[in-house]
Amino acid sequence: MQNYYKQFDVCRERDIPSCADGCPFKMDILTVQERIAKGRFNAAYKSIRDCVAFPGIVSEICPAYCEDACVRKTLDASVQIRGLERAVVAGATRKTPNKYNLPARKKSVAVIGAGLSGMGFAFRMASKKYAVTIFEKSGKIGGRLAEQMEEARYMAEFDLQFKNEKYELKLNTEIQDIYPLCRGAEGQLEQSADAQSEEQTFDIIYIATGKGGNTFSVPIPGGCMKIGETGVFIGGEVCGKDMMHALADGLDIAISAESFLKAGRLEYPEVTEPTGCVPNADKLVEIPPVTPEDKVFTEEECMAEAARCIRCKCDACAAQCDLVAYFEKMPVKMRDEIFLSCKPAGSLVHKSPARKYVAACTRCDLMTEVCPEHIDLCGMVEHARHKMHEADKVPAAYRQYFIRDMEFANGPYAALKRTTGAPGAYAFFPGCNLGALDPEYVIKPYKWLLTKEPDTSLLLRCCSVPVDWDGNSAARKEEIQSLRQDWEDLGKPVFIMACMSCQKHLREYLPEIETISLYEIMQEWGFTPEAEGEQTNFSIFDPCSARKEEEVQAAVRSLIAASGVQAEELPKGDRHGCCGFGGMGSIAAPDFAEYVARQRMELSENPYIVYCANCKEIFCDRGKKTVHLLDLLFDIDPDGTKSQPDLTRRRNNRTLLKKRLLEEIWKEEMEMKPQEIQYSLIMQDAVREKVNKQKILEEDICAVIDRAETTGRRTLNPESGHYTAYNEIGYITCWVEYSPLVEGYEIHNVYTHRMKIELEAVWNGKKTETDM
Amino acid sequence: MEKKQKLICDQCKVELEELDAQFSYLGKSFRHKVSRCPQCGQVCLSEELVNGRMSEVESMMEDK
């Protein structure tokens, strides 16, 4: 877990966009843009001033490092950030700084040099109400600013910003030595010992003497030192910076200076790491830059230009990972919650905030792929499932349906392991869900395989992925062992896989078993489909488990082409998540599973061709026309509109598949009679759908009715004549509203909950019988 | 909310009353007033309660 945790150190979620990174002031350009886009010029002006101190000067002379870094630069043209800034400075109506009634501070500050850097430093310190004295050797302030703009304009800006601040200005005062200005530097001050008593001393000295100016032996770059009790900093053009960086230095060092005054820490501002922000390339569509009609952008032009900004931020995870997007938690937050949730049982931490989404994750593994740092959140979720299972933090109701389904698929009614004589080199492993949709999906391809390789064996069972979803390490070990045993019993054949998820699972846990997809085999062994020439234009939806499986994808495409069907690629090819089937989301967080399914359905308006039974089921259930590749090749459901079987029918299909295979291939009768539904149940379609959604089987409903009818434990609604009864099915409680018919029962409603009704508890002050 | 419908315990043939019942989930237990037979204690939960408040509480507890 620690290893996973540490990976997030490189997460770039909080990295600033490259424009802000290029800006000497690290201005929060996104916020400024946002305010401009909303027409809030005064607010935008305030943001700019808070950052650069003198917007009137900076907007005029800054060479716009931000525009150089803009991602649009290589596409169309950078967002004209400086133009926007100028428009804000010109258009803002409330520029007078607010007056804050702060008490004056006792500490004093000296600034040597009244250039832009020194003025910036002086401004920050003066706003904090320190007593500021500026020494300037020439007769005016501004330094080299005069080379770049009109004196009157920058003077006006200084006057405006310093309106509420006081500072003492000593013009024509050249400082030769800083020791006399330092407090308590007597020991180091032999030459000018007498001078000190007369002259004022300071707690902070900022040396900003400008290009080629005196450094007073303070080391550069990045120099600060303590002389006596005084903190001395140096910055600006004297350190070889350009004017904008010099101003930024003054502003940054003011923060360091204050931390020295308050806490005695003498630290030069840190140089920040370059940003790792990777913008979302999908958002980058060409929009031509706005050309201002006049010199300055109008408000409308500003808004249009600001709207060109794609608001760069590293959010590949949020854009691609369903879990991050739906639960609105960025991976770092998830990491913390998952870490907390994995604390072992008995630890002092009882919280498991990640419970739901860890169970719901579809494990499509897209997040790790798209993250520029490839942070393995997917692996962490997988690991957490096992940890949380160990700590008994996974509600049993989450896993119940999946485990029961797996047990059924591996049980006597559905599982089948057969050779056709001597163990062959191949065995067909269709997976448990393909035959559940329709036995033909397994029978037809298997019969075809037998025509090519008559000794191909068959293994009908579940690949055991549900225990992995549940994080049950012990059960997984057992299941994998039993699967390995089956493989050995069949003479260690190559498994021909019809389900990509099974294949992914087997490869992960049973790498010794060689697997190949059915579709590759069909292509290799020369399957010739009858060309249908259907008119519909399909899109190919690769299951998430086949992402990057180039050979499978190629085989699938050539089979589709051979069948004469028109099919195109999805806009992003195979770069998409799960259809919503994976994980325990359909129970743990049904809304999430639904969200995922809808997202995938909307990738294209075309009907889909899929080659995963689960994708077919998910899409067809939601009314999207979807055909399985096997539908096309074997003419099973070529229209893709057949309604998918409900859970009870799926079970029956599995049994039917086994029965038919035994009869048709091995000429045997199935020993076990198919399970029969105890009562005949009559349900409206709406009720049936509800039952299916809650993953309730008809046999569960029968169990409820059976209990009610045999014990008499039911309530009657005299108005409707309906009975209501319940029964606990494992970890869920199932309620059924029904009325008896001459033959069987009519089911009016079914609903379930996970809470347990504690019947043996004391209620109403009386003790009840425990056997109710 | 419509008026509570009259419900009858089929075993005791008496009308259900609003009485406390105890529930538990994820190691926590709590009480709530539900329709219950005053004689045998049989409870009857409406779909409204199960899919409304109960499901909310379940979800909240899972998030904790």
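These figures come from a predicted structure and were not determined experimentally.

Caption draft 1: Fine view of the overall build of chain B. When helices and strands are counted, chain B shows one helix and four strands. Starting at the N terminus and walking to the C terminus, you meet the elements of chain B as β-β-β-β-α. Seen through its principal axes, chain B has C-alpha atoms that stretch 40 × 25 × 15 Å. The long-range fraction of contacts in chain B, counting pairs at least 24 apart against all pairs at least 6 apart in sequence, stands at 31%.

Caption draft 2: The arrangement of the overall build of chain A in detail. In terms of helices and strands, chain A carries 33 helices and 21 strands. Compactness check: chain A gives a C-alpha radius of gyration of 37 Å against a globular reference of 28 Å for 772 residues, more than 25% above the reference. Projected onto its principal axes, the C-alpha positions of chain A cover 115 × 75 × 55 Å. When contacts within chain A are restricted to residue pairs at least 6 apart in sequence, those whose partners lie at least 24 apart make up 71%. Treating the 97 positive side-chain charges of chain A as one cloud and the 118 negative ones as another, the clouds have centres 4 Å apart.

Caption draft 3: The arrangement of the layout of surface pockets in detail. Roughly 800 Å³ of volume is contained in the second largest pocket. Listing elements by their share of the lining of the second largest pocket, those giving two or more residues are α19 (396–409) and β19 (732–740) of chain A together with β2 (17–25) and α1 (47–63) of chain B. In terms of residue class, the lining of the second largest pocket is made up of 16 nonpolar, eight polar and eleven charged.

Caption draft 4: How the structure looks around the packing of helix α8 (residues 116–127) of chain A against helix α11 (residues 243–263) of chain A. Residue and element names in this part refer to chain A. Contact geometry for α8 and α11: axes closest at 7 Å, N-to-C directions at 35 degrees. As α8 runs across α11, the sense of the crossing is right-handed. Across the interface between the two elements, L116, S117, G120, F121, R124 and M125 of α8 pack against M243, M244, A246, L247, D249, G250, L251, I253, A254, A257, E258 and L261 of α11. Classifying every residue of the contact of α8 with α11 by side-chain character gives twelve nonpolar, three polar and three charged.

Caption draft 5: Geometry of the sheet that holds strand β3 (residues 28–36) of chain B. Read across the sheet, four strands follow the order β21(A)-β2(B)-β3(B)-β4(B) without closing on themselves; strand pairing throughout is antiparallel. This sheet does not close on itself; its edge strands, each paired only once, are β21 (756–758) of chain A together with β4 (43–44) of chain B. Sheet topology places β3 of chain B next to β4 of chain B; two bridges connect them, and they run antiparallel. Its bridge partner lying in β4 of chain B, R36 of chain B is registered against V43 of chain B. Sheet contacts for α1 of chain B: β2 and β3 of chain B; angle to β3 of chain B, the most-contacted strand, approximately 180 degrees.

Caption draft 6: The interface of chain B and chain A, seen in detail. At the junction of the two partners, chain B supplies 39 residues and chain A supplies 38 residues. With both chains or domains summed, chain B and chain A bury close to 3400 Å², and 52% of this area falls on carbon and sulfur atoms. At the boundary of chain B with chain A, the tally comes to four salt bridges. The interface formed by chain B and chain A holds 22 residue pairs in polar contact (both at pLDDT 80 or more) in total.

Caption draft 7: Up close: the state of the cysteines. All names here are of chain A. Applying the stated rule across the entire model yields zero disulfides over all chains. For C702, which is in no disulfide, the shortest distance to another cysteine sulfur is to C734 and amounts to 11 Å. On the basis of relative accessibility, which here comes to 1%, the residue C702 falls in the buried class.

Caption draft 8: Broad picture of the environment of G580 of chain A. Residues and elements named next belong to chain A. Within the secondary structure, G580 sits in the loop between β13 (566–569) and α27 (585–588). Relative accessible area serves as the criterion here: at 7%, G580 is assigned to the buried category. G580 has contacts with T362, A593, V596 and I618, leaving out every residue within four places of it along the chain.

Caption draft 9: Geometry of the packing of aromatic side chains. All names here are of chain A. Taken as a whole, this structure holds 33 aromatic pairs over all chains when the rule is applied. Here the aromatic rings of Y426 and W525 are separated by 5.0 Å at their centres, their planes lie at 85 degrees, and the arrangement is edge-to-face. With Y426 in strand β8 (residues 426–429) and W525 in the loop between α25 (518–524) and β12 (537–540), the pair connects residues that are 99 residues apart, well separated along the chain. Summarising the burial analysis for this pair, Y426 and W525 share the class buried. Each residue in the set F54, F123, Y154, F158, F162 and Y167 is aromatic and connected to the rest through ring pairs, giving one cluster. Note that K624 overlies the ring of Y608, its terminal NZ or CZ placed 4.2 Å from the centroid.

Caption draft 10: Up close: the sheet that holds strand β14 (residues 608–610) of chain A. All names here are of chain A. Taken in spatial order, the four strands line up as β13-β12-β14-β15 in an open sheet, and their pairing is parallel. Two strands in the sheet have a free side with no partner beyond their single neighbour: β13 and β15 (626–628). Between one strand axis and the next, the sheet turns through 35 degrees on average, direction left out of account. As defined by bridge partners, β14 adjoins β15 across three bridges and the pair is classed as parallel. Bridge pairing in β15 places I609 opposite V627.

What counts as what
- Residues numbered from 1 in each chain as written.
- Chains lettered and ligands numbered in written order.
- Predicted model: local features only at pLDDT ≥ 70, side-chain atom pairs only at ≥ 80, totals over all residues.
- Heavy atoms only, no water.
- Helix = DSSP H or I, 4+ residues; strand = E, 2+ residues; numbered from the N terminus.
- Contact = heavy atoms within 4.5 Å.
- Rg over C-alpha atoms; globule rule 2.2 N^0.38 Å.
- Lys, Arg positive; Asp, Glu negative; His and termini not counted.
- Charge placed at Lys NZ, Arg CZ, Asp CG, Glu CD.
- 1 Å grid on protein atoms, 1.4 Å probe; cavity = no way out; pocket = protein on both sides within 12 Å on 5 of 7 lines; lining within 4 Å.
- Points joined across faces, edges and corners; volume = space filled by probe spheres on them.
- Nonpolar A, V, L, I, M, F, W, Y, C, P; charged D, E, K, R; others polar.
- Axes fitted to C-alpha atoms, helices over the stretch in contact; angles between N-to-C directions.
- Left-handed = near helix turned anticlockwise from the far one by under 90°.
- Pairing = 2+ DSSP bridges.
- Buried area = accessible area lost by both parts, 1.4 Å probe.
- Salt bridge = Lys/Arg side-chain N within 4 Å of Asp/Glu carboxyl O.
- Polar contact = N/O pair within 3.5 Å; in protein donor to acceptor, adjacent residues only side chain to side chain.
- Disulfide = S-S within 2.5 Å.
- Buried < 20%, exposed > 50% of the residue type's maximum accessible area, 1.4 Å probe, protein only.
- Phe/Tyr/Trp six-rings, centres within 6.5 Å; stacked < 30°, edge-to-face > 60°.
- Lys NZ or Arg CZ within 6 Å of the ring centre and 35° of its normal.

Limitation: the analysis is restricted to geometry and does not speak to function.
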